[in-house]
Amino acid sequence: PLVSMKEMMEKGKENGYAIGQFNLNNLEYAQAILQAAEEEKSPVILGVSEGAGKYMGGFKVVVAMVKALMEEYGTTVPVAIHLDHGSSFEKCAQAIHAGFTSVMIDGSHHPIEQNIEMTKKVVELAHIHGVSVEAEVGTVGGEEDGVIGGIQYADLEECKQLVEQTGVDCLAPALGSVHGPYQGEPNLGFKEMEEILNVVNVPLVLHGGTGIPLKDIQKAVSLGTAKINVNTENQIAQAKAVRKALDEKPELYDPRKYLGPGTEAIKQTVIGKMREFGSSNQA
Ligand code: G3H
Ligand code: ZN
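Residues numbered from 1 in each chain as written. Chains lettered and ligands numbered in written order. Predicted model: local features only at pLDDT ≥ 70, side-chain atom pairs only at ≥ 80, totals over all residues.

Undergrad: How should I be thinking about the overall build of the protein in this particular structure?
TA: Per the secondary structure count, the protein includes 11 helices and 11 strands. What you see for the protein is a C-alpha radius of gyration of 18 Å, in line with the 19 Å of a compact globule of 283 residues. Once the C-alpha set of the protein is aligned to its principal axes, its extents read approximately 60 × 40 × 35 Å. Put simply, the protein has 283 residues, and 49% of those count as buried. Intrachain contacts of the protein at a sequence separation of at least 6 include 70% that bridge at least 24 residues. (Helix = DSSP H or I, 4+ residues; strand = E, 2+ residues; numbered from the N terminus. Rg over C-alpha atoms; globule rule 2.2 N^0.38 Å. Buried ≥ 20, exposed ≤ 12 C-beta atoms within 10 Å, placed from the backbone. Contact = placed C-beta atoms within 7 Å.)

Undergrad: Can you help me understand the site of ligand 1 in this one?
TA: With respect to spatial proximity, 15 residues lie near ligand 1, and among them His207, Thr210, Asn229, Asn231 and Thr232 are the closest. Taken together, the elements giving at least two residues each to the shell around ligand 1 come down to β3 (79–86), β11 (225–230) and α10 (232–248). Classifying every residue of the shell around ligand 1 by side-chain character gives one nonpolar, 12 polar and two charged. (Near = placed C-beta within 6 Å. Nonpolar A, V, L, I, M, F, W, Y, C, P; charged D, E, K, R; others polar.)

Undergrad: Would you mind going over the environment of Asp106 with me for this structure?
TA: Structurally, Asp106 is set in the loop between β4 (102–105) and α6 (112–128). On the basis of neighbour counts, which here come to 27 C-beta atoms within 10 Å, the residue Asp106 falls in the buried class. Placed 18 residues apart in sequence, Asp106 and Ser88 show a C-alpha to C-alpha distance of 7.6 Å. Once residues within four sequence positions are removed from consideration, Asp106 is found in contact with His85, Gly86, Ser87 and Glu136.

Undergrad: Explain the UniProt feature "binding site: Zn(2+) 1" (unreviewed entry) in the protein here, please?
TA: Here, UniProt's "binding site: Zn(2+) 1" (unreviewed entry) annotation points to His85, His179 and His207. Spanning 123 residues, the named residues form one tight spatial group whose C-alpha atoms are at most 11.8 Å apart. With respect to the helices and strands, His179 occurs in strand β9 (residues 178–179). Residue classification places His207 among the buried positions, given that 30 C-beta atoms sit within 10 Å. (UniProt positions renumbered as here; feature names shortened; annotations may be inferred.)

Undergrad: How should the UniProt feature "binding site: dihydroxyacetone phosphate" (unreviewed entry) in the protein be read in this particular structure?
TA: Here the UniProt feature "binding site: dihydroxyacetone phosphate" (unreviewed entry) sits at Gly180, Gly208, Gly209, Thr210, Asn229, Val230, Asn231 and Thr232. The named residues occupy 53 residues along the chain; their greatest pairwise C-alpha distance, 11.1 Å, places them in one compact cluster. Counting through the fold element by element, Gly209 comes out in the loop between β10 (204–206) and α9 (214–223). Among all residues touching Gly209, those that are not within four sequence positions of it are Ile228, Asn229 and Val230.

Undergrad: What should I look at first to understand the nonpolar core in this one?
TA: Proteins that are soluble and globular tend to have nonpolar side chains buried together. The biggest cluster of nonpolar side chains holds 78 residues, and the ones touching the most others in it are Ile33, Val44, Leu46, Val103 and Leu171. Residue contributions to this core peak at seven residues, all from helix α2 (residues 27–40). (Core = buried A, V, L, I, M, F, W, Y, C linked by C-beta atoms within 7 Å.)

Undergrad: Please clarify how the pairing of strand β1 (residues 19–23) should be interpreted in this entry.
TA: Residues in a regular strand project their side chains so that they alternate between the two faces of the sheet. Extensive coverage of β1 is indicated by the burial of five of its five residues. Because side chains alternate across β1, one face comprises the buried residues Ile19, Gln21 and Asn23, and the other comprises Gly20 and Phe22, equally buried. Two strands pair when backbone bridges link them, and β1 and β11 are joined in this way by four bridges, in the parallel orientation. Pairing of Phe22 across the sheet is with Val230, part of β11. Bridge count for β1 against strand β2 (residues 44–49) is three bridges, and the pairing is parallel. Directly across from Gln21, in β2, lies its bridge partner Ile45. Traced from β1 through α2 to β2, the parallel crossover comes out right-handed. (Pairing = 2+ DSSP bridges. Right-handed = clockwise from strand over helix to strand, strands pointing away.)

Undergrad: So what exactly am I meant to see when it comes to α6 here?
TA: For the α-helix, the turn length of 3.6 residues means that residues three or four positions removed from each other point alike. Over its 17 residues, α6 runs 24 Å from end to end, which matches the ideal 24 Å to within 8%, given 1.5 Å per residue. Along α6, the residues that are buried comprise Asn115, Ile116, Met118, Thr119, Val122, Val123 and Ala126. Buried residues of α6, seen end-on, are gathered within an arc of 165° and therefore sit on one face of the element. Turned more than 90 degrees from where α6 packs its buried face, Glu113, Gln114 and Ile128 sit exposed. Next to the buried residues of α6 lie α5 (89–98), β4, β5 (132–137) and α7 (156–166). One or two steps after α6, the chain reaches Gly130, where phi turns positive at roughly 70°. (Expected span 1.5 Å × (residues − 1). Arc of directions from axis to C-beta.)

Undergrad: Where do I start with the pairing of strand β8 (residues 170–173) in this structure?
TA: Residues Cys170 and Ala172 point to one face of β8 and Leu171 and Pro173 to the other, with burial holding for every one of them. Relative to β8, β5 is paired through four bridges, and the arrangement is parallel. Within β8, the position partnered with Glu134 by the bridge is Cys170.

Undergrad: Is there a simple way to explain the confidence of the model for the protein in this structure?
TA: Do not read the fine detail of predicted coordinates wherever pLDDT is low. On average, residues of the protein score 96 in pLDDT, and 98% of them reach the 70 mark or higher. The ipTM value of the predicted complex is 0.99, and its pTM value is 0.97. (pLDDT = per-residue confidence, 0-100.)

Structure representation (structure tokens):
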């Protein structure tokens, strides 16, 4: 069933595992991720950025596509459709009205007072609709939808204020993670993560899940991270498989023949992540 992220994340935090957010880029991603979740008996979050939503034809198209696939597949595991890095109240409202079950309001590029104000407004609307809300404090490094930002660690006091004043369901404190591949090993602020978890009672979210080693995943999950976002790793796996298929048979032109291997590569990548995050067999 289509549900918000609230219950799945709380169960994850309580029982020591994290739910993966895997971003959608087109139909094939939705197919691969829903199939992986059902096979693994894992709850799953389908992330949709504003740019990817637009690419797929709009939020309503995404919701209709996911609902139809779930019906065709007879999906039994909990699935959330989540707006990733929502930039404004208006975009979040648009997603909620299109049928998204969860939204992220990313006010992290604004001063904290403004971030809190935006987040509060989104929470008010979202909770009326039974939709969960994620907020961000500090900034994740790397590129997201063409916007490049430097890493800025989340401030403990700001995290506390934001959670207390807004009633958000989960918090993404930026602690050294990066969108896209890491240059060398990631250097995550686990000490800060622990301090934040001591003052906020909501599950934490880890962005930039691509390329984080298993030991760091396990550490973050053991501290109370209940959601981990992955996008680039699936894109790399898909691109590699499609490239291989086209290189091996330059005469190929039927998309089913060269995109099919890409879809399978996404599915296997997602299955691997679900096992690492511990969410397999938790649905
Ligand atoms: O919000 C989406 C993510 O944080 C994905 O990061 O592309 O580095 O896996 P990634
Ligand atoms: Zn992110």
